[in-house]
Amino acid sequence: MVDIPFPIIDPLLSTSEIGRLVQEYAGRIVALNPQAVLCQGEFIYCHALVERLLAVGITVLAATSERLVSESYEAGINEKIVNFQFVQFREYCHL
């Protein structure tokens, strides 16, 4: 298993700049010849990266979780606690 740190995606980047990041990271990933890749993060970047990896036959996964929320109101204070409990990996696919 190799962990490649997710790039910092500036919200001001243009689509073409995100495309360049995708090209760079896809090249690094493909060079590792992985059996599968877990990809989660900024939506546009991930979409482009997933499409590129699927196109070359790499299995791409996302982790799914159950969202557990508890809320309370006490002494005028609203408190909301959200926990995410891992459930499974789900494979990306072309629909």
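The rules behind these values
- Per-chain numbering applies: the sequence of each chain, read as written, is numbered from 1 onward.
- Residue-level local features of this predicted model are given only where pLDDT is at least 70; pairs of side-chain atoms are given and counted only at 80 or more, and the full residue set underlies all totals for whole chains, interfaces and linings.
- Excluded from the side-chain calculations are hydrogens and water; all other atoms, namely the structure's heavy atoms, are used.
- We define a salt bridge as a contact between a side-chain nitrogen of Lys or Arg and a carboxyl oxygen of Asp or Glu at a distance within 4 Å.
- Working definition: helices are DSSP H or I runs of at least four residues, strands are E runs of at least two. Numbering for both runs from the N terminus.
- By the convention used here, strands pair only if DSSP detects at least 2 bridges between them.
- Helix axes are fitted only over the stretch in contact, all axes being lines through C-alpha atoms; the angle between N-to-C directions runs from 0 to 180 degrees.
- Whether two residues are in contact is decided by their heavy atoms, any of which lying within 4.5 Å being enough.
- The set of buried Ala, Val, Leu, Ile, Met, Phe, Trp, Tyr and Cys residues whose side-chain atoms join them within 4.5 Å is what this entry labels a nonpolar core.
- Partly exposed describes any residue whose relative accessible area lies between the buried limit of under 20% and the exposed limit of over 50%, with all areas from a 1.4 Å probe on protein chains only and scaled to the type maximum.
- Ring pairs are drawn from Phe, Tyr and Trp, using the six-membered ring of Trp, whenever the two centres fall within 6.5 Å, and their geometry is named by plane angle: stacked under 30 degrees, edge-to-face over 60, tilted for the rest.
- Charge-over-ring placement is defined geometrically: NZ (Lys) or CZ (Arg) within 6 Å of the ring centre, and within 35 degrees of the ring normal.

Q: What is the right way to read the pattern of salt bridges from this model?
A: Two side chains bearing opposite charge may form a pair once their charged atoms approach each other closely. For the coordinates displayed, the defined rule picks out one salt bridge. Residue glutamate 24 is joined to arginine 28 by a salt bridge in which the shortest nitrogen-to-oxygen separation is 4.0 Å. Here the residue glutamate 24 and the residue arginine 28 both occupy positions in helix α1 (residues 15-31), the gap between them amounting to four residues, near one helical turn.

Q: Even after reading the chapter, I still don't get the sheet that holds strand β1 (residues 36-38), so can you show me in this structure?
A: Strands in a sheet are paired, the pairing made by backbone hydrogen bonds, and the direction either parallel or antiparallel. Taking strand neighbours across the sheet as the criterion, the three strands line up as β1-β2-β3 in an open arrangement whose pairing is mixed. Lying at the two open borders of the sheet, with one neighbouring strand each, are β1 and β3 (77-91). Taking the axes of each pair of neighbouring strands and ignoring which way they run, one obtains an average angle of 20° across the sheet. Here strand β2 (residues 59-74) runs beside β3; their pairing, made up of 14 bridges, is antiparallel. Pairing of alanine 63 across the sheet is with phenylalanine 89, part of β3.

Q: Teacher, can you tell me more about the side chain of threonine 64 here?
A: With respect to the helices, strands and loops of the structure, threonine 64 is situated in strand β2. Apart from residues lying up to four places away in sequence, threonine 64 is in contact with Gln85, Phe86, Val87, Gln88 and Arg90.

Q: Sorry, what's going on with the nonpolar core here?
A: The nonpolar side chains of a soluble globular protein tend to be buried, and buried together. Residues Cys39, Tyr45, Leu49, Leu53 and Val60 are the most contacted members of the largest nonpolar core, which totals 17 residues. Taken together, the elements giving at least two residues each to this core come down to α1 and α2 (43-55). Once residues within four sequence positions are removed from consideration, cysteine 39 is found in contact with Cys46, Leu49, Val50, Val60, Leu61, Ala62 and Tyr92.

Q: Before we go on, may I ask you to explain the environment of isoleucine 44 in this structure?
A: Turning to its location among the elements, isoleucine 44 is positioned in helix α2. Looking at isoleucine 44, the relative accessible area reads 49%, which means it is partly exposed. Separated by 25 residues in sequence, isoleucine 44 and glycine 19 have C-alpha atoms that sit 9.3 Å apart.

Q: I'm lost on the packing of aromatic side chains in this one. Help?
A: When we look at a pair of aromatic rings, we describe it by the centre distance and by the angle of the planes. With the rule as written, the count across this model stands at three aromatic pairs. Between tyrosine 25 and tyrosine 45, the ring centres sit 6.3 Å apart and the planes meet at 85°, which makes this aromatic pair edge-to-face. One end of the pair, tyrosine 25, is in helix α1; the other, tyrosine 45, is in helix α2, and 20 residues separate them in sequence. According to the relative accessible area criterion, tyrosine 25 is buried, its value standing at 12%. Overall, the relative accessible area of 1% leaves tyrosine 45 in the buried class. Grouped by ring-pair contacts, the aromatic residues Phe6, Tyr25 and Tyr45 constitute a single cluster. Between the NZ or CZ atom of arginine 28 and the centre of the ring of tyrosine 25, over which it lies, the distance is 4.7 Å.

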